[in-house]
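Structural features, examined
Next come the chains, spelled out residue by residue.
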Amino acid sequence: MRDTLLLKDPKGPHISEAYLYYTEPITLPPDPERAEAAWRAGRFRPGPWHKPLNLGLLHERVWMRLTVRNTDPERLRFLWSIFNFTDSAALYCRRPGDSTFARLGAASSWVPAAERPFPARSLSFPFTLAAGETAVLLLRIDQHSGALYLPTYIETAEHFLAWEMGFPFERYWVWLLGLYLGSALFNLVLYVFLRDRIHLWYIVYVLCVSLFLMMEDGLDAMLFPAWFYRLEWLVGQFNFMLLAAAAGIRIMQLFLRLRANWPRLHRAGNWLAGAAVGFVVVYAGLFPWAVRHNLALLHALNITREVLLLAVFGFGWVTLLSTLLSRRSQQLGAYYSLTYFFFFGGYVVFWLNHLGLSSFNPIYPNPLAWGLFLELLVLSALLTGRFRFTLRQNALLRIQELQQRNEVGSRLIAAQDAEREHLARELHDALGPNLAALHMAWQSRAVRDALAAAPAAAAIGHLTEEILGQLYEQVRQLSHALLPTEPGAGRLAASITTLCTTLNLPGTIQVVPNLDTDLDQLPPAVQSAAYRIVAELVNNAVRHAQAHRVQVQLRRRLTVLEICVEDDGRGFAKGEDTPATGIGLRGVQTRAAYLGGSVRIEVPAQGTRVLVQLPC
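Note that this is a predicted model, so its numbers are computed, not measured.

**Structural notes on the overall build of the protein**
A count of helices and strands for the protein gives 17 helices and 17 strands. Counting the 616 residues in the protein, one finds 46% classified as buried. The contacts of the protein with a sequence gap of at least 6 include a subset with a gap of at least 24, amounting to 74%. Counting every atom, the protein has about 30100 Å² of accessible surface; 61% of that belongs to carbon and sulfur.

**Section: the sheet that holds strand E17 (residues 608–615)**
Judged by pairing direction, the sheet is mixed, and its five strands sit side by side in the order E13-E14-E15-E17-E16 without closing on themselves. Looking along the sheet, the strands with just one partner apiece sit at the ends: strand E13 (510–515) and strand E16 (598–602). Ignoring strand direction, the axes of neighbouring strands in this sheet form an average angle of 10°. As judged from the five bridges shared by E16 and E17, these two strands associate in the antiparallel manner.

**Focus: the pattern of salt bridges**
This structure, assessed with the given rule, holds 15 salt bridges. Its salt-bridge partner being Asp142, residue Arg61 comes within 2.9 Å of it at the nearest N-O pair. Of this pair, Arg61 sits in strand E5 (residues 61–70) while Asp142 sits in strand E10 (residues 134–142), placing them 81 residues apart in sequence. Of the two residues, Arg61 and Asp142, both sit in the buried class. Notably, a salt bridge pairs Arg121 with Glu164, separated by 2.9 Å at the nearest N-O pair. Linking Arg121 in the loop between strand E8 (102–107) and strand E9 (123–129) with Glu164 in helix H2 (residues 157–170), this pair joins segments that are 43 residues apart in sequence. The burial state of Arg121 is the same as that of Glu164; both residues are buried. Through salt bridges with shared partners, one network takes in Glu24, Arg34, Arg61, Arg140 and Asp142.

**Describing the pairing of strand E7 (residues 88–94)**
Of all seven residues in E7, five are buried; the element is thus mostly enclosed. The pairing of E7 with E10 spans seven bridges and is antiparallel. By the bridge assignment for E10, Ala90 is matched with Arg140. Examined bridge by bridge, E7 and E8 share five bridges and lie antiparallel to one another. Note on E8: the bridge partner recorded for Ala89 is Ala107.

**Regarding the packing of aromatic side chains**
Here the structure, examined in full by the defined rule, presents 19 aromatic pairs. Between Phe85 and Trp233 the ring centres are 3.6 Å apart and the planes differ by 15°, which places this aromatic pair in the stacked class. Taken together, the residues Phe85 in the loop between strand E6 (76–82) and E7 and Trp233 in helix H6 (residues 226–235) connect sequence positions 148 residues apart. With respect to burial, Phe85 and Trp233 carry one shared label: buried. On the basis of an interplanar angle of 40° and a centroid distance of 5.5 Å, the ring pair of Phe255 and Tyr336 is categorised as tilted. On the criterion of sequence distance, the pair formed by Phe255 in helix H7 (residues 237–256) and Tyr336 in helix H11 (residues 330–354) is long-range, its members being 81 residues apart. In this structure Phe255 comes out as buried when scored by relative accessible area, which is 6%. Judged by relative accessible area, which is 4%, Tyr336 ranks as buried. Connected via pairs of aromatic rings, a cluster forms that spans Phe85, Trp110, Trp233, Phe279, Tyr283 and Phe287.

**Considering helix H10 (residues 295–324)**
Taking 1.5 Å as the rise per residue, H10 with 30 residues should run 44 Å; its terminal C-alpha atoms sit 44 Å apart, in good agreement. Sitting at the amino-terminal end of H10 is Asn294, which places a side-chain oxygen 3.3 Å from the backbone nitrogen of Ala296.

**Some points on helix H3 (residues 173–194)**
Across its 22 residues, H3 extends 31 Å between first and last C-alpha, which sits within 8% of the 32 Å expected from 1.5 Å per residue. Listed in full, the buried residues belonging to H3 are Trp173, Leu176, Tyr180, Ser183, Ala184, Asn187, Leu190, Tyr191 and Leu194. Buried residues along H3 cover an arc of 130° about the axis, so they all sit on one side. Opposite its buried face, H3 presents the exposed residues Trp175, Leu181 and Phe193, each directed more than 90 degrees away. With its phi angle positive at about 60°, Arg195 sits one or two positions after the end of H3.

**As for the packing of H2 against H3**
Where H2 contacts H3, the axes come no closer than 5 Å and their chain directions differ by 45°. Classified by the interaxial angle, the pair formed by H2 and H3 is oblique. Taking contact as the criterion, the partners of Phe167, Pro168 and Phe169 in H2 are, on H3, Trp173, Val174 and Trp175. Tallied by class, the residues present in the contact of H2 with H3 amount to six nonpolar, no polar and no charged.

**Some words on a nonpolar patch on the surface**
On the surface, a cluster of nonpolar side chains totalling about 590 Å² of accessible area is made up of Leu181, Leu185, Leu188, Val189, Val192 and Phe193. Note that Val189 resides in helix H3.

**Digging into the nonpolar core**
Within the largest apolar cluster, 72 residues are counted, with the highest numbers of intra-cluster contacts made by Tyr205, Leu213, Tyr336 and Phe343. Per-element tally for this core: the top contributor is H7, with 14 residues. What Tyr336 contacts, discounting residues up to four positions off in sequence, is Gly248, Ile251, Met252, Phe255, Leu256, Leu320, Leu379 and Leu382. Leu499, Val534, Leu585 and Val588 belong to the second largest nonpolar core, which has 32 residues in total.

**Regarding the packing of helix H4 (residues 197–216) against H7**
Interhelical geometry of H4 versus H7 gives an angle of 155° and a closest axis separation of 8 Å. Our classification of the angle between H4 and H7 gives roughly antiparallel. Judged by the sense of rotation from one axis to the other, the crossing of H4 with H7 is left-handed. Residues Arg197, Ile198, Trp201, Tyr202, Val204, Tyr205, Cys208, Val209, Leu211, Phe212, Met215 and Glu216 of H4 form the contact with H7, whose participating residues are Gln237, Phe238, Phe240, Met241, Leu243, Ala244, Ala247, Gly248, Arg250, Ile251, Leu254 and Phe255. Residue composition of the contact of H4 with H7, grouped by class: 19 nonpolar, two polar and three charged.

**What to know about the sheet that holds E9**
In space, the three strands of this open sheet follow the order E9-E6-E12, with antiparallel pairing throughout. Looking at strand neighbours, the two that pair on one side only are E9 and strand E12 (152–156), the edges of this open sheet. In this sheet, adjacent strand axes meet at a mean angle of 20° when their direction is disregarded. Here E6 pairs with E9 via seven bridges, running antiparallel. In the sheet register, Leu76 faces E9, and the bridge partner there is Leu129.

**Some remarks on the environment of Val550**
The topology assignment puts Val550 in strand E14 (residues 549–556). Since its relative accessible area comes to 0%, Val550 is described here as buried. Placed 16 residues apart in sequence, Val550 and Glu566 show a C-alpha to C-alpha distance of 5.7 Å. With sequence-adjacent residues up to four places away left out, Val550 is seen in contact with Ile509, Gln510, Val511, Val512, Val538, Ala541, Val565, Glu566 and Asp567.

Rules used in this analysis
Residues numbered from 1 in each chain as written. Predicted model: local features only at pLDDT ≥ 70, side-chain atom pairs only at ≥ 80, totals over all residues. Heavy atoms only, no water. Helix = DSSP H or I, 4+ residues; strand = E, 2+ residues; numbered from the N terminus. Buried < 20%, exposed > 50% of the residue type's maximum accessible area, 1.4 Å probe, protein only. Contact = heavy atoms within 4.5 Å. Areas by Shrake-Rupley, 256 points an atom, 1.4 Å probe, with all protein chains shown as cover. Pairing = 2+ DSSP bridges. Axes fitted to C-alpha atoms, helices over the stretch in contact; angles between N-to-C directions. Salt bridge = Lys/Arg side-chain N within 4 Å of Asp/Glu carboxyl O. Phe/Tyr/Trp six-rings, centres within 6.5 Å; stacked < 30°, edge-to-face > 60°. Expected span 1.5 Å × (residues − 1). Polar contact = N/O pair within 3.5 Å; in protein donor to acceptor, adjacent residues only side chain to side chain. Arc of directions from axis to C-beta. Parallel < 35°, antiparallel > 145°, perpendicular 65-115°, else oblique. Nonpolar A, V, L, I, M, F, W, Y, C, P; charged D, E, K, R; others polar. Patch = residues over 30% accessible without salt bridge, like charges linked within 9 Å, V, L, I, M, F, W, Y side chains within 5 Å. Core = buried A, V, L, I, M, F, W, Y, C linked by side-chain atoms within 4.5 Å. Left-handed = near helix turned anticlockwise from the far one by under 90°.

Quick look at the structure:
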């Protein structure tokens, strides 16, 4: 150990070569003279050689004592900096000739960088030394989060500022944070396309771990607004890791399909994730009060947090081992174990340092940051594969849905045709012959003689004969409309013309066809559907609309066949069923939808207009 740390510009020996440290209960009021008495009593100890002071979960105040000398021929300004969050810290100095320590400055990491006495991401305490001057420094550190990991350095202000300018690049933070943010945005895009909640949990996971790592190196003090900075530290740095672990449980559950394959593990994960989130809420609510009134409660909260972290990672390993030993989930477990291993490996190193069991940092900025980097690379690849698999599954489900809809539509069309055929045959074979027989009987000689003998009844008899003739023709007309003859191949125009001519025979209604000349080149399925749709719409006009004139137009466009049937009937009155509720119109819509077409019903001032488009 050096008795005196020799300071110079730009940088002198490592601080661990000369400082001593001492701990005391936080409940005692801070007093540098009492700490100096403890030094004289030999209670100060040297720190680890060229490593940060790491006391783990110790809940005590730390005093660091150091004798320094400026070996530069000029007066220099130095900074003693603590590169970790600290609830409260102060620097005391005793120069030659002084009998007591004077406080040079105090600061707290609860204050954002811009509001600190020396604005920097670290807590930095400036002091000046003349050329060759020697002084004794005491640094007091109070930390309540249960993580006494204290990387600290002394260097000139110029060297410190030069290092801070290049810090985000030299420690790879620019690239790492860029990857974290890009990965989160990528999964936001995947969620927009798939609505798969695993991508939302992934975003929560990345954001929580990124906040944790930024808080570790003080980047948040420079980048975030004051209100957000204070809020995140009220939650607590290691609680963000606990929240990330809870989100990681949800990702694992969804990726490994625990709900279906391992329901007990799924329920256990839900309870554990819920306990983690609930604990964070309780911790954030109790922390300010416990710091002022009950440090024992604060210590219990910190220990509970570590137990929960251990339980979450233990749950992860139990889940992975269970899936790896199962044939039905072995492949998924093998894929996920790779990404879990990268993060867990980095976190183990970080957590051992956090507990004070080691001070090993093999890579900058820390193993956890690079573990997360590798984990996100692998997990992004896995989620991309899941995205492609989901797209294929959605396509298959869509095809199955369309097939089922087509089957339902074809069955509905077949049932309607059978019902119409039955009704038409009943009209034609039962009611039609009976009306014809009645008409013939009315024209018999006996009836004519009876009517001739009663001149008063002759007019009524003649009217009755006309009504019977009209009823017979109407029944015949309805039977043909309900059961039209299917058009043969290449005969759509002729079939529709014949249908209109048949309906015009009684003379009570005029059906006018207006057809393109190239309709007979349409596919057979389109011809059949078009003929049935026209027959149904004309039948509706004849039976329900009480129309006198019906116009039928068929126009073949580039990719669609346009059908327009318009009548001058009574249309749809207020309070009546909407056009889409009729059985016949539902049949038209079903036929059009079966071919991927559309139906639009318009109700002008008089009559009804139905527009149908069928792909051809």
